[in-house]
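Report on the structure
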Amino acid sequence: MGVFLMKAVHFGAGNIGRGFIGELLFESGFETTFIDVVQPIIDYINASHSYEMYVIDNNYEKKVIKNVKAVSSITDEPAAVEAICEADIITTSVCVDNLDKIAPTLAKGLKERLNRGGSKVNVMACENAFYATDMLKKALVENKKAPITEAELDEIGAFPNVAVDRIALCKVVDGVKIPQIQSTFELVIEKDKMVDPTAQPIKGAEYVENLGMYLERKLYVFNCGHAATAYFGYYNNRATIFDALEVPEIKADVIAVMKESAMAMTKKYPFTFEELEAYIEKIIKRISLEELHDEVVRVGRSPIRKLNAKDRLVGPALLAEQYGLDNSHLAKAIAAGYAFDCKDDEQAVEIQNYIAENGIEKAVEKYSSLTAEHALYQKVIDAYKALKA
């Protein structure tokens, strides 16, 4: 390993950790220590201080990521703490639900760094959620195992939020998941919250002042279109996202859904409709790759979360309503979400049971917080009844 490399610590050596953030850290000249809990992955990384990944849309081109090591936060927490003390940047991709699980180790490391008089470091949660770094900071303050105050955190760290977007899958080889990723990605960083707002430590990332508009664009256009494809596809008995978008009617409906959302976004933010149309085109191309084998039940999973008033379908539909814009295709996508009756999905089962006992009207009220006051309420119910007719 090179002597002069900058040092990174990354929590989570999964698909996104190795296939996205780890790759960018390597390309940016960092030596990365992964902190994880899965021993086979830790052993695999440490065997050669490198790992493999494959680029799906480039004929599965193999890339080898070097200058890496891994430590277990369970069996070797002191090594994790030491790595945090020495790091020039700290990132995570563990899934937002696990931020509270990594908080004690990270808090211990940052506290030790502070006690040693270490320099202030950027800490970024690269998770698929709005303002995930804020959530991580909250988890650090609230953790009881390694107490640290907000004032101490602000003294030793800077906590910019990040928007992440990359399709990352995997294949299992000798019991280890090997990342398979798409070449295109988006990593948008809140620059005014960084230790040095002029620095750009991660190559390939965008550094912006108004992160909110990029986070909302991802949720209300990309995630919106992806979920709509899944629910329309499931309703039409299509197995994968590719299969669904091969049906001209479904593809037309999905693009119409995304355009309704995009139009609402142009009223709220300084996006032009033309640039959002180009963004939609790019997304459709990305998600319709046959090689992804991306199942509609995976993309549509957890419908209670996805049908929430602030989430990917109801959120943009209400925004469109607020500006007096058309949201009829969004209403149809929401209705298809309510018709998603996948038996292997606990949330889908809960919604179906609730509809069976209380009717669609009450379900839309309960899960999407829509009432008769919203024009959208009746549109969703009518669209649902049309699907069930």
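Scope of this entry: the structure provided in the associated data block. Keep in mind that this is a model prediction, so the values were computed, not measured.

The rules behind these values
Residues numbered from 1 in each chain as written. Predicted model: local features only at pLDDT ≥ 70, side-chain atom pairs only at ≥ 80, totals over all residues. Heavy atoms only, no water. Pairing = 2+ DSSP bridges. Helix = DSSP H or I, 4+ residues; strand = E, 2+ residues; numbered from the N terminus. Axes fitted to C-alpha atoms, helices over the stretch in contact; angles between N-to-C directions. Contact = heavy atoms within 4.5 Å. Salt bridge = Lys/Arg side-chain N within 4 Å of Asp/Glu carboxyl O. Buried < 20%, exposed > 50% of the residue type's maximum accessible area, 1.4 Å probe, protein only. Expected span 1.5 Å × (residues − 1). Bend = angle between axes of the 7 residues up to and from the residue. Left-handed = near helix turned anticlockwise from the far one by under 90°. Nonpolar A, V, L, I, M, F, W, Y, C, P; charged D, E, K, R; others polar. Core = buried A, V, L, I, M, F, W, Y, C linked by side-chain atoms within 4.5 Å. Phe/Tyr/Trp six-rings, centres within 6.5 Å; stacked < 30°, edge-to-face > 60°. Lys NZ or Arg CZ within 6 Å of the ring centre and 35° of its normal.

Let us now look at the sheet that holds strand S9 (residues 162-165). Reading across from one edge, S9-S12-S13 is the order of the 3 strands in this open sheet, with mixed pairing throughout. With partners counted over all chains shown, the strands left at the sheet margins are S9 and strand S13 (206-208), one partner each. Direction aside, the axes of adjacent strands within the sheet are offset by 15 degrees on average. Relative to strand S12 (residues 186-190), S9 runs antiparallel, the two sharing 4 bridges. Along S12, the bridge assignment pairs alanine 163 with valine 188. Contacts between helix H7 (residues 211-235) and the sheet are confined to S9, S12 and S13, with S9 contributing the most and set at about 30 degrees to the helix.

A word on the pattern of salt bridges. Evaluation of the coordinates by the stated rule reveals 22 salt bridges. Aspartate 134 is the partner of lysine 193 in a salt bridge, and the nearest nitrogen-oxygen pair spans 3.7 Å. Here aspartate 134 lies in helix H5 (residues 132-142) and lysine 193 lies in the loop between S12 and S13, a separation of 59 residues in the sequence. Of the residues examined, lysine 193 reaches a relative accessible area of 36% and is grouped as partly exposed. Across the pair aspartate 253 and lysine 332 runs a salt bridge whose closest N-O atoms are separated by 2.7 Å. With aspartate 253 in helix H9 (residues 248-268) and lysine 332 in helix H14 (residues 328-338), this residue pair connects regions lying 79 residues apart in the sequence.

With that settled, consider helix H4 (residues 99-115). Helix length check: H4, at 17 residues, gives a terminal C-alpha distance of 23 Å against a target of 24 Å (1.5 Å per residue), a fit within 8%. Along H4, the sharpest kink reaches roughly 30 degrees, centred on threonine 105. Within H4, the full set of buried residues consists of Leu99, Ile102, Ala103, Pro104, Thr105, Leu106, Ala107, Gly109, Leu110, Arg113 and Leu114. Looking at the buried side of H4, the elements it contacts are strand S1 (6-11), helix H3 (77-86), strand S6 (89-92), strand S7 (121-125), H5 and helix H6 (150-156). The first or second residue beyond H4 is glycine 117, which carries a positive phi of 75 degrees.

On to the pairing of strand S5 (residues 68-72), then. Most of S5 is tucked away: 4 of the 5 residues are buried. Both strand S2 (residues 30-36) and S5 contribute to a ladder of 5 bridges, which runs parallel. Bridging across to S5, threonine 32 finds its partner in valine 68.

Here we take up the environment of alanine 363. Within the fold, alanine 363 resides in helix H16 (residues 360-368). Alanine 363 sits 25 residues away from tyrosine 338 along the chain, and the two C-alpha atoms are 8.5 Å apart.

Next up on the list: the environment of leucine 219. Structurally, the position occupied by leucine 219 is in helix H7. Once you skip the residues sitting within four places of it in the chain, leucine 219 turns out to touch Phe130, Cys224, Lys310, Asp311 and Arg312.

For the rest of this paragraph, the subject is the packing of H9 against helix H10 (residues 273-287). Direction vectors running N to C along H9 and H10 enclose 145 degrees, while the axes themselves pass 10 Å from each other. Where H9 crosses over H10, the two elements pack in a sense that is right-handed. On the side of H9, the interface is formed by Lys251, Val254, Ile255, Met258, Lys259, Ala262, Met263, Met265 and Thr266, while H10 contributes Phe273, Leu276, Glu277, Ile280, Ile283 and Ile284. The residue inventory of the contact of H9 with H10, partitioned by class, reads 11 nonpolar, 1 polar and 3 charged.

Among the nonpolar cores identified, the biggest contains 75 residues, and Leu313, Ile334 and Tyr338 are the most heavily contacted of them. The leading source of residues in this core is H7, at 14 residues. Other than its neighbours up to four places away in sequence, leucine 313 contacts Cys224, Ala227, Ala228, Tyr231, Lys306, Leu307, Leu330, Ala333 and Ile334. Core analysis: the second largest hydrophobic core is formed by 29 residues, Ile35, Val121, Leu136 and Ala146 among them.

A few words now on the packing of aromatic side chains. Counted according to the given criterion, the structure contains 8 aromatic pairs. Measuring from ring centre to ring centre gives 5.4 Å for phenylalanine 20 and phenylalanine 185, while their planes differ by 55 degrees; the resulting arrangement is tilted. Residue phenylalanine 20 is located in helix H1 (residues 15-27), and its partner phenylalanine 185 is located in the loop between strand S11 (176-181) and S12; the two are separated by 165 residues in the primary sequence. Given a relative accessible area of 0%, phenylalanine 20 falls into the buried group. You can call phenylalanine 185 partly exposed: its relative accessible area is 27%. Between lysine 171 and the ring centre of tyrosine 54, over which it is positioned, the NZ or CZ distance is 4.8 Å. Over the ring of tyrosine 279 we find arginine 217, and its NZ or CZ is 4.1 Å from the ring centre.

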